[in-house]
Amino acid sequence: MNDWSREDVSTLKGVGPRLREKLARLGVQNKQQLLFHLPLRYEDRTRITPIGSLQPGQRALIQADILQSGISFRRQGRSRRLLLLKLSDGTGFLTLRFFHFNAAQQARLKRGSCIRCFGEARFVMGALEMVHPEYEIVDADAPPPLHENLTPVYPTTEGLHQIGLRKIMQQLLQQLSHQGLNETLPVDWLKQDDFPSVEQALKILHNPQNQQDVQQIQAFKHPAQRRFIIEELSAHRISLLLRRKRISSLQSPCIDVDDSLTGILLDNLGFKLTAAQQRVVAEIHQDLRTAQPMMRLVQGDVGSGKTVVAALAVLPVLQAGYQCALMAPTEILAEQHYKNFKSWFEALGLGVVNLMGADKGKKRQLKEQQIASGQAQMIIGTHALFQASVHFNALGLIIIDEQHRFGVEQRKALQGKAMKNMMPHQLIMTATPIPRTLAMSVYADLDYSQIDELPPGRSPVKTSIIAQSQRGKLIESVRKACSEGQQVYWVCTLIEESEALQCEAAEVTYETLRQQLPGINIGLVHGRMKAVEKDQKIQLFKSAQTQLLVATTVIEVGVDVPNASIMIIENPERLGLSQIHQLRGRVGRGNKESFCLLLVKNDLSRQVANRLEVIRNHQDGFVIAEKDLELRGAGEVLGTRQTGEASFRMADLVRDKPLFADAEKLSELLMQPGLEKQCEQLLANWIGNRSEYSDVG
Ligand code: ADP
Ligand code: MG
């Protein structure tokens, strides 16, 4: 049979160099890839929808008479002229708006004509309308036939129109009918669930024929889709497992773990490890004892005590003569880790160095020398750690804190600092809970430990939702709390991703609060401050010289001020639930009763209110992440890993949960000896040669 991956798309009629280049932008270079470029959705031009039954948001074909046609003027905007049509088909009225039109079009769209148009219906000021629908004027007595099949809508790119894409797709499907396509999956596996062959499945999805298919497809339940979703999930899992296998074949330092140093550290801590911390430390130590690279993800809710677990992981590595690099996502957090590790490690005679972006000139040179010579054993920093001028002497362990903040590129860059032929062990820490179901396809390359217990004596943070209209009262209670020796965070958020705007908002709030709260010492910290300045502000707050700290979400991770007991978050609806939970974790660290106050706008929608209720009613990061996942989807919850490294084309990690077990089984089946070719084909179809999967690391 034909090997479609050997045939370049340019062998199709009508595909010249320019179209070829556009297809390449979609990741489509050969015919196999084009076949797997599947529709996002379908448009129904097989029937006419009566206006009377049109729903807002529905994309539909309608046919109606033009009752009125005329030019109207908008007051603002560049194109002021607007062509407005009023239509009726006897079941209801519909307005059409055109902003771009020429005289000929206007002449054809005249009163009394019959029009057929396809577009999205919207409800505007009490009336249904469509803006710039596709249309044609038809003969009301003898209208042209309707489409026989649904019209597929493909993912596309600038300058490549649906019509063009559909045309070459039809051509390719014709060829497919003549020449056939090799099955990728074992036939027995397909039979079990009555799945269609790959050829049938592609034909159905590109060109669904009967009503039953169409209904199933629209509900994402068609066997053709299910087959492909399971394939795609398996492909991701297999690629991660293969990556894991490649890394496992490399050498890491074999660490002799004894408790001479860890014992001293534990004695100096001033608290006892929780059982969960002890268990996770033991799991890490077990990994370090073997020459196989550790690749372990440690998840623990905010405040579960991940830092000390990291410190206990580090000690035996340093003792064996290797270095450890700890990478944190923000300077505030790196600085705080540095202080902790310094106080713990210097007593043991170990050299701790921090390296920040702001370290320049002589100071930086000196630190880099210490790192290169091995005099610095524990190195803590931000992404400054993997800049070209940094050379490690003998890097044995890499720890990445709050991994969801880093991209894969940054992690790889740090790995590039390894010794020749010696892969560092890797420990990744996160507060973002990973529901089991997701771990299967997104974290299959990592071992997983969970700190599922908080240190004793923590009381739940009481959370309430407060409207802006109550702001005056709120400020009054802040004054009272501060004058009684309590400490308060006030967090400003903004919709825009722009850090600059967020900082500005914090500055404005800071000034206003200073006027409203005379006599209270207020601090301000935001992302655009220099590292030293940020650190200074946090220190002032830590030592209780300021009682109120106005901040942006820079304090989201890591900041640890046990005396702070009240957190106010302005406009929390702009954040994800897990992010709010993370922020809330800044309070409730001491033994005081703590509060989190969500300051929301007055006219909060029902939907947003429901979302915030989840935060109010739950303290468990896991439950919150599950709900967040349901409400916002996997990309948001998992951050970069999901969006950057493993974005799915067909599968949806929330919708397709019931298929995960099948995907797991299929990946196991395909990884058996003898099925290498099928495996390769599966990866080519669903993952292609995306670099994340082909590189070690
Ligand atoms: P996270 O998991 O959010 O990174 P941290 O490591 O910052 O948490 O720890 C939060 C706080 O809890 C710190 O002040 C730390 O010293 C303290 N802590 C950690 N483990 C324990 C424990 N077993 N008992 C009491 N306090 C602990
Ligand atoms: Mg932490």
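## Details of the overall build of the chain
Here is step 1 of the chain: Within the chain one finds 26 helices and 22 strands.
Here is step 2 of the chain: Dimensions of the chain, computed from C-alpha atoms along their principal axes, come out at roughly 95 × 70 × 45 Å.
Here is step 3 of the chain: Here the chain holds 697 residues, and the buried ones make up 52% of them.
Here is step 4 of the chain: Summarising the internal contacts of the chain: among those between residues at least 6 apart in sequence, 75% fall at separations of at least 24.
Here is step 5 of the chain: Total accessible area computed for the chain in this model is approximately 32000 Å², and 49% of it derives from carbon and sulfur atoms.

## Structural notes on the domain arrangement of the chain
Here is step 1 of the chain: When its domains are assigned, the chain resolves into domain 1 (4-42 + 154-219), domain 2 (47-146), domain 3 (260-451) and domain 4 (462-618).
Here is step 2 of the chain: A straight line from the C-alpha centre of domain 2 to that of domain 3 covers 62 Å.

## Side note on unusual backbone geometry
Here is step 1 of the chain: Phi at Phe 220 is positive, roughly 55 degrees, even though this residue is not glycine.
Here is step 2 of the chain: The exposure class of Phe 220 is partly exposed, given its relative accessible area of 35%.
Here is step 3 of the chain: Even without glycine at this site, Asn 571 takes up a positive phi of about 50 degrees.
Here is step 4 of the chain: Note on Asn 571: relative accessible area 13%, which makes it buried.

## Side note on the packing of aromatic side chains
Here is step 1 of the chain: By the definition in use, this model includes 8 aromatic pairs.
Here is step 2 of the chain: On the numbers, 5.5 Å between centres and 75 degrees between planes, the contact of Phe 98 with Tyr 135 is edge-to-face. One end of the pair, Phe 98, is in strand 4 (residues 93-98); the other, Tyr 135, is in strand 8 (residues 134-138), with 37 residues separating them in the sequence.
Here is step 3 of the chain: Relative to Trp 686, the ring of Phe 228 lies with its centre 5.6 Å away and its plane at 55 degrees, an arrangement referred to as tilted. Of this pair, Phe 228 sits in helix 8 (residues 223-248) while Trp 686 is found in helix 25 (residues 676-686), placing the two residues 458 residues apart along the sequence. When sorted by exposure, Phe 228 lands in the same class as Trp 686, which is buried.
Here is step 4 of the chain: Ring pairs connect the aromatic residues Phe 36, Phe 228 and Trp 686, which therefore count as one cluster.
Here is step 5 of the chain: For Arg 45, the ring lying beneath its charged end belongs to Phe 118, and the centroid distance is 4.2 Å.
Here is step 6 of the chain: If you follow Lys 86 out to its NZ or CZ, it ends over the ring of Phe 93, 5.3 Å from the centre.

## Concerning the packing of helix 10 (residues 275-288) against helix 11 (residues 306-319)
Here is step 1 of the chain: Between helix 10 and helix 11, whose axes approach to 10 Å, the crossing angle comes to 30 degrees. Of the possible angle classes, the one that applies to helix 10 and helix 11 is roughly parallel. Seen along the crossing, helix 10 lies across helix 11 with a hand that is right-handed. Taken together, the residues of helix 11 that come into contact with helix 10 (itself represented by Gln 277, Val 280, Val 281, Ile 284, His 285 and Leu 288) are Val 308, Val 309, Leu 312, Ala 313, Pro 316 and Val 317.
Here is step 2 of the chain: Here the contact of helix 10 with helix 11 is composed, by residue class, of 10 nonpolar, 2 polar and no charged.

## Thoughts on helix 24 (residues 660-670)
Here is step 1 of the chain: The set of residues buried in helix 24 consists of Phe 660, Ala 663, Leu 666, Ser 667 and Leu 670. Burial along helix 24 is one-sided: seen end-on, the buried residues are contained in an arc of 120 degrees.

## Side note on the site of ligand 1
Here is step 1 of the chain: Around ligand 1 sit 16 residues in total, of which Lys 272, Gly 303, Thr 307, Arg 458 and Asp 560 are the nearest.
Here is step 2 of the chain: A distance of 2.9 Å separates a nitrogen atom of ligand 1 from a polar side-chain atom of Gln 277.
Here is step 3 of the chain: With respect to ligand 1, the backbone of Gly 305 contributes an N or O atom lying 3.1 Å from an oxygen atom.
Here is step 4 of the chain: Here ligand 1 has 570 Å² of accessible area as a free molecule, and 82% of this is covered by the chains.
Here is step 5 of the chain: For the shell around ligand 1, the per-class residue count stands at 4 nonpolar, 6 polar and 6 charged.

## Regarding the nonpolar core
Here is step 1 of the chain: Among the nonpolar cores identified, the biggest contains 79 residues, and Leu 23, Leu 34, Leu 35, Phe 228 and Trp 686 are the most heavily contacted of them.
Here is step 2 of the chain: Sort the elements by how many residues they give to this core and helix 8 lands first, with 8 residues.
Here is step 3 of the chain: For this core, the two domains that each supply at least three residues are domain 1 (4-42 + 154-219) and domain 3 (260-451).

## As for the pattern of salt bridges
Here is step 1 of the chain: Applying the stated rule across the entire model yields 35 salt bridges.
Here is step 2 of the chain: Between Arg 6 and Asp 3 there is a salt bridge, and its shortest N-O distance comes to 3.1 Å.
Here is step 3 of the chain: When its relative accessible area of 71% is taken as the criterion, Arg 6 is described as exposed.
Here is step 4 of the chain: Judged by its relative accessible area of 33%, Asp 3 falls in the partly exposed class.

## Considerations on the sheet that holds strand 17 (residues 462-467)
Here is step 1 of the chain: Pairing is parallel across the open sheet formed by 6 strands, whose spatial order is 17-22-21-18-20-19. Edge strands, defined here as strands with exactly one partner in the open sheet, are strand 17 and strand 19 (522-525). The mean inter-strand angle of the sheet, taken between neighbouring strand axes irrespective of direction, is 20 degrees.
Here is step 2 of the chain: In the sheet, strand 18 (residues 487-491) pairs with strand 20 (residues 548-551) via 4 bridges, with the strands oriented parallel. Among the inter-strand pairings, Trp 490 is bridged to a residue of strand 20, identified as Val 550.
Here is step 3 of the chain: On the sheet, helix 19 (residues 577-584) packs against strand 17, strand 18, strand 21 (564-570) and strand 22 (595-600) and is oriented at approximately 150 degrees with respect to strand 21.

Analysis parameters
- In this convention, every chain numbers its residues from 1, walking through the sequence in written order.
- Key to labels: chains lettered from A, ligands numbered from 1, both in the order written.
- Predicted model: local features are reported for residues with pLDDT of at least 70 only, side-chain atom pairs are reported and counted for 80 or more only, and whole-chain, interface and lining totals are derived from all residues.
- Hydrogens are left out, water is left out, and the side-chain values use all remaining heavy atoms of the structure.
- Strands are runs of DSSP state E lasting at least 2 residues, helices are runs of H or I lasting at least 4, and numbering of each runs from the N terminus.
- A 1.4 Å probe rolled over the protein chains alone gives each residue an accessible area, and that area as a share of the maximum for its type sets the label: buried under 20%, exposed over 50%, partly exposed in between.
- Here a residue-residue contact requires only that any non-hydrogen atoms of the pair lie within 4.5 Å.
- Only the protein chains shown count as cover for residues, with accessible areas throughout obtained via the Shrake-Rupley method and a probe of 1.4 Å.
- An automatic or database domain assignment is the source of the domain bounds shown.
- Paired rings are identified among Phe, Tyr and Trp, the last through its six-membered ring, by centres lying within 6.5 Å, and are further divided according to the angle between planes into stacked (under 30 degrees), edge-to-face (over 60) and tilted (the rest).
- In this scheme, Lys NZ or Arg CZ marks a charge over a ring once it lies within 6 Å of the ring centre and within 35 degrees of the ring normal.
- All axes are obtained by fitting lines to C-alpha atoms, using only the stretch in contact for helices, and the reported angles, taken between N-to-C directions, cover 0 to 180 degrees.
- Our angle categories are set so that under 35 degrees counts as roughly parallel, over 145 as roughly antiparallel, 65 to 115 as roughly perpendicular, and the remainder as oblique.
- Each crossing gets its handedness from the near helix: less than a right angle anticlockwise from the far helix is left-handed, clockwise is right-handed.
- Note that Gly is not counted as nonpolar here; it falls among the polar residues with everything else outside the nonpolar set of Ala, Val, Leu, Ile, Met, Phe, Trp, Tyr, Cys and Pro and the charged set of Asp, Glu, Lys and Arg.
- In this description, the arc belongs to the directions extending from the helix axis to the C-beta atoms.
- The criterion for a residue being near a molecule or strand is simple. One of its heavy atoms has to lie within 4 Å of it.
- Throughout this description, a polar contact denotes any pair of N or O atoms lying within 3.5 Å of each other; where both atoms belong to protein, one of them has to be capable of donating a hydrogen while the other can accept it, and for residues adjacent in sequence the pair is counted only when both atoms sit in side chains.
- Remark: nonpolar core denotes a set of buried residues (Ala, Val, Leu, Ile, Met, Phe, Trp, Tyr, Cys) joined through side-chain atoms within 4.5 Å.
- Each salt bridge in this description consists of a side-chain nitrogen of Lys or Arg and a carboxyl oxygen of Asp or Glu lying within 4 Å of one another.
- Pairing between two strands requires that DSSP report at least two bridges joining them.

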